[in-house]
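Residue-level structural notes
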2 protein chains.
Amino acid sequence: MAATSVADEIFKEFKEHSISEFFRKNSQMLGYAGKVRSLTTIIHEYVTNGLDACEEAGILPDLNVELKEIGENKYSIKVSDNGPGIPQTHVGKALASVLSGTKFHRYMQQRGQQGIGAAGCTLFAKITTGKPIHVRSSTGKQAFECDITIDIKSNKPLLTNVLKIDADFRGVEITGEFGEVKYEQSDHGVLEYLRRTALSNPHCSIRLLAPDGQESIFPRSAAEMPKRPRQIKPHPLGINTNDLVEFAHKSTVSRKVSSFMIDTFSRVTQNKIDELRTAAPDVNFDKNPAELTWDEAEKIVKAIKQIKWIAPDLDSMSTIGEKQIEAAIKNILSPTFLSVVERKPRVFRGGIPFVVEAGIAYGGSAGKSSGQFVEGNILRFGNKVPLLFDSSVCAITEAVKNIDWKRYAIQKFDEEPVSVMVNVSSVYIPYSGVGKQAISQEDEIIEEIKLAVQEAGRNLQRYLHGMKSRSIQETRYKTIMRYVDQLSADLSEITGEKKEAIEVKLKALIEGKYKKLFEAPPALDESDDKGVQKVDSESDD
Amino acid sequence: MAATSVADEIFKEFKEHSISEFFRKNSQMLGYAGKVRSLTTIIHEYVTNGLDACEEAGILPDLNVELKEIGENKYSIKVSDNGPGIPQTHVGKALASVLSGTKFHRYMQQRGQQGIGAAGCTLFAKITTGKPIHVRSSTGKQAFECDITIDIKSNKPLLTNVLKIDADFRGVEITGEFGEVKYEQSDHGVLEYLRRTALSNPHCSIRLLAPDGQESIFPRSAAEMPKRPRQIKPHPLGINTNDLVEFAHKSTVSRKVSSFMIDTFSRVTQNKIDELRTAAPDVNFDKNPAELTWDEAEKIVKAIKQIKWIAPDLDSMSTIGEKQIEAAIKNILSPTFLSVVERKPRVFRGGIPFVVEAGIAYGGSAGKSSGQFVEGNILRFGNKVPLLFDSSVCAITEAVKNIDWKRYAIQKFDEEPVSVMVNVSSVYIPYSGVGKQAISQEDEIIEEIKLAVQEAGRNLQRYLHGMKSRSIQETRYKTIMRYVDQLSADLSEITGEKKEAIEVKLKALIEGKYKKLFEAPPALDESDDKGVQKVDSESDD
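Small disclaimer: the values here were computed from a predicted structure and weren't measured. (Residues numbered from 1 in each chain as written. Chains lettered and ligands numbered in written order. Predicted model: local features only at pLDDT ≥ 70, side-chain atom pairs only at ≥ 80, totals over all residues.)

Quick look at the relation of the copies chain B and chain A now. The transformation that overlays chain B on chain A combines an axial shift of 0.1 Å with a rotation of 180 degrees, and the residual RMSD is 0.5 Å. Look at the turn and shift together and you get a two-fold axis relating the two. (Least-squares fit on C-alpha atoms with pLDDT ≥ 70 in both.)

The next point concerns the interface of chain B and chain A. Contacts between the two partners involve 54 residues from chain B, matched on the other side by 54 residues from chain A. Counting residues per element, the ones that place at least two in the side of chain B that touches chain A are α1 (2-11), β1 (15-16), α2 (19-25), α3 (35-57), α4 (88-96), β4 (100-101), α5 (117-129) and α7 (241-250) of chain B. The element contributing the most residues to the side of chain B that touches chain A is α1(B), with seven residues. With two bridges joining them, strand β1 (residues 15-16) of chain A and β4(B) adopt antiparallel strand pairing. Counterpart to A:Glu16 in the pairing with β4(B) is B:Ser100. (Contact = placed C-beta atoms within 7 Å. Helix = DSSP H or I, 4+ residues; strand = E, 2+ residues; numbered from the N terminus. Pairing = 2+ DSSP bridges.)

We now examine helix α3 (residues 35-57) of chain A. Here α3(A) is 23 residues long and its end C-alpha atoms lie 34 Å apart, about the 33 Å a rise of 1.5 Å per residue gives. Positive phi shows up at A:Gly58, right after α3(A), with a value of about 70 degrees. (Expected span 1.5 Å × (residues − 1).)

What follows concerns the pairing of strand β9 (residues 205-209) of chain A. Residue and element names in this part refer to chain A. A one-sided burial pattern is seen for β9, the buried positions being Ile206 and Leu208 and the unburied ones Ser205, Arg207 and Leu209. Strand direction decides the pairing type here: strand β2 (residues 62-71) and β9, joined by five bridges, are parallel. When the sheet's bridge partners are listed, leucine 63 is paired in β9 with isoleucine 206. By the bridge criterion, four bridges tie β9 to strand β10 (residues 215-218) in an arrangement that is antiparallel. Bridge pairing links leucine 208 to serine 216 in β10. (Buried ≥ 20, exposed ≤ 12 C-beta atoms within 10 Å, placed from the backbone.)

In this section: the environment of B:Lys233. All names here are of chain B. Mapped onto the elements, lysine 233 comes out in the loop between β10 (215-218) and α7. In the structure, lysine 233 is positioned 79 residues away from proline 312 in sequence and 9.2 Å away in space, judged by C-alpha atoms. Beyond its immediate chain neighbours, meaning those up to four positions away, lysine 233 contacts Tyr107, Thr264, Phe265 and Ser266.

Once that is clear, we can look at α7(B). Residues B:Thr241, B:Asn242, B:Leu244, B:Val245 and B:Ala248 constitute the buried set of α7(B). Projection of α7(B) onto a plane perpendicular to its axis shows the buried side chains occupying an angular sector of 165 degrees, all on one side. Those residues of α7(B) that are buried lie in contact with α5 (117-129) of chain A together with α8 (257-264) and α10 (294-306) of chain B. (Arc of directions from axis to C-beta.)

The subject of this paragraph is the nonpolar core. A:Val422, A:Ile449, A:Val453, B:Val422, B:Ile449 and B:Val453 are the most contacted members of the largest nonpolar core, which has 274 residues in total. Ignoring sequence-local partners within four residues, the contact set of B:Val453 consists of B:Ala358, B:Ile360, B:Ala399, B:Val400, B:Ile403, B:Val420 and B:Val422. (Core = buried A, V, L, I, M, F, W, Y, C linked by C-beta atoms within 7 Å.)

What follows deals with the packing of α3(B) against α5(B). Residue and element names in this part refer to chain B. Interhelical geometry of α3 versus α5 gives an angle of 140 degrees and a closest axis separation of 9 Å. Here α3 is positioned oblique relative to α5, judged by the angle of their axes. Relative to α5, α3 is oriented so that their crossing is left-handed. Residues Ile42, Glu45, Tyr46, Thr48 and Asn49 of α3 pack against Gly117, Ala118, Gly120, Cys121 and Phe124 of α5. Tallied by class, the residues present in the contact of α3 with α5 amount to five nonpolar, four polar and one charged. (Axes fitted to C-alpha atoms, helices over the stretch in contact; angles between N-to-C directions. Parallel < 35°, antiparallel > 145°, perpendicular 65-115°, else oblique. Left-handed = near helix turned anticlockwise from the far one by under 90°. Nonpolar A, V, L, I, M, F, W, Y, C, P; charged D, E, K, R; others polar.)

Right, let's talk about the domain arrangement of chain A for a bit. The domains assigned to chain A are domain 1 (19-218), domain 2 (236-306), domain 3 (322-462) and domain 4 (473-518). Measuring from the centre of the C-alpha atoms in domain 3 of chain A to the corresponding centre in domain 4 of chain A gives 47 Å. (Domains from an automatic or database assignment.)

As a further point, take the sheet that holds β10(B). Residue and element names in this part refer to chain B. Strands sit in the order β7-β6-β5-β8-β3-β2-β9-β10 across an open sheet of eight strands; the sheet is mixed. In this open sheet, the two edge strands, each paired with only one partner strand, are β7 (156-164) and β10. Put simply, the sheet's adjacent strands are angled 15 degrees from each other on average, direction ignored. Two strands pair when backbone bridges link them, and strand β3 (residues 74-80) and strand β8 (residues 171-178) are joined in this way by six bridges, in the antiparallel orientation. Considered in β8, the bridge of serine 80 is made with glutamate 173. The sheet strands contacting α4 are β5 (133-138), β6 (143-151) and β7, and the helix crosses β6 at an angle near 35 degrees. Across the sheet, α5 is in contact with β3, β5, β6 and β8; its angle to β8 comes to roughly 30 degrees.

Pasting the structure below:
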């Protein structure tokens, strides 16, 4: 009896709790850790949603952020965009139900991916001020406003004061009151977040009205929309057994495993099915996909890895673009040297496509001031979203720190005026935490980032090497020139020629010898550029 | 029409998804990142649950872990404990429903706190091998076995093959097959995890059977159960406005705000209510708690901060204990110096109690071998659970790295044979991520860890300082002694006294002067020990 009652006693308190309750208790996991970071997190979530919505609707984004201090560590925050708006039928769940949204199930590059961010803001407003957020939304034809809060126990939205309003605007405007936040001009503050957002989204215009009344405007520097990411079918190489079984059992149209695979995944053709039949002779590809067993799926996944595939469809990817990065970095850092690289798309985990862009800026305002010194810094981006926190666990930091910088004429990365910018784009970025501030340190991603930075680094090496030999030669040139006057006078006495004539000749001779000073340094070879994943790129259909 | 249809088009794909689906897609956030870490995560979750269950039932834990390699990166894992068992009615949800459990709503120190871990293992088994886990559970009176998996879409458990069995054992035994895992003897591997678990849980006995057949046994080194943590009432200083409103609206017994507060929180007495009435004169403490508004709650929270309170009830805390830490470190590291400190409990976020224990070991096997060098290392624990990952974002790392080690006679922490062990105990540890491998860097926690390590550091400084001056004096002593023979002979010639007699006298003289060598070094003052939070400790009821 004693034994039974102990277990029963313990489990008497057994309860289920909602994801909202979980994040209410552990809001630090969403990025609500510290007052400055919490404020940046709120702005980050709304700005990210605004940019995604505009991009999807093909609209050049105008973002407006206004902050007002309304109490001790208490701010009123307004963020508006000119996007497509949110329909009234969906606004509650979109903004006040954790794990709801349009993005989770899509295989498409987007800033948001989880359906947690905006609902997290509503939750944070509720737990710090008790207030709902106020939303105005217009599709340009229909508009409404309402107050929205979240019922934490059920993770369901609560709407009040719903009103139809004039549709004389388009987009979403969210106003909320938040406590436990603080505006600060720092590396982790809102201004820096928006500055970096502008850097990686040159097609976007952003205005910030700070609590002290100061207005900052980041104007649009590119009038074209970036290439629009498309929803794609998953590549067979990125599928694990569990995915395959789940997809197969969900399949409603296809009557055979073969047709199900052709319909569901990219690059699967009748020819490829035949190859798979040969590689997995035990598997019946004509059976109903609803009846596919784990063992069969495991055999198919093994067979997939044995045959050749065309690389994943990469049109799905939207990068910032070399020119845009160049223009933006020049604009913000005015470096004396700049090298930008956009790599070819690669895949990780077998079949998830991703692209890395990297830029290295040197001199000017590059690097980070730390007291009277300047040190190297890393500007990290995931799908064009600036990553300001958790730097030490990020794949980008890991890659940049592990480069042998001496090879690129940087003696110590921490002591030079150098900024490295890296943007990773993918339909799925494996963030290390729910707050999405660091990319999980997966080997294939780290390796590809390293290659991108090294590629940009070779140009830097050439430049700094040139700088160095130039500076040595300049010293010699100046030293010799210092003697020309005296030497010309001496030679004039010995030879009887005019001093001025001798001086002109001597100077021409010396300048001839040192004219390399005014030329570009020689090119280096570009031999160590090898990809992380070999995928056959020949077409087979 | 175009405008309307864009938003409608986008939101056509709007969906909700379950917490299981979320973690299926983002399993790296649970700690399933990399094969070695994934294996450690599984063991960590089961061991943690076993220890919590034993502790709650007052049973000295015997844990048994068996690993078998059954394929490429595929292992069969068995973990069993001798705890109270899980009742059949709860086993499904306990092991296969994310966010279910006994621990989330309790205000009590426990290793687990979220109800995610074990369900995460079941999920990971399913997505890597498609297999359910097999469970045998016995309360000592009743026993059963069954297979359990998780329905990812609904986050609900699926039980099959449920059978009553002989209750000739007690506890829980879980067997599962997992893919994408790997056994490795490293700093992040299972063996190291269990070694550190033994270090921080000396009342526990642990056996590991590794895949290579090697058996490791960590015997119990303390035969007493640690002080059992108690469930406590929250302290008013730890309550924010949202908490107060939620508690008040849930209250079913109390008819007045005043009695509700006395019932719900610790340290609230009729006297304290009178003080609160004075500090918040607008608030009606006689109204029904169900009708407490946000504004009123906000005023009460403000008033709470204005009056004096007895410190939180600290009986709720269960530490490892100075003697246990000492014995365990001696056992494992055999250091030449060891200093262990258990601090007084403190509070963070106004009212959440926590305790820090710290130990510093020097020499012997302390420190971490890195090639031919030894460097300082940090052994981190949260509620006695070893934290092996995400070190760089942890409050413990931040505190230890920011200590001015030169003050403690350590020239460079990274270059000396020193191990710093820190255990943070609390009813609520603010982990930085769902995987619970790092403590969020909150100022009050960092500060208190620093004070603990510095306190232990003062003894280290005394020891190393003593070592140093002793070594200088030893050299001088030996140098002088070398001349005693010659000097005695010379003096003997001059004075006519016997050489041997002179030698004895001289040696006595020298030894007298250097006798400090054989004594303990002088004590230092202990002035910089100031707490992080001033709480009045006088009793008022």
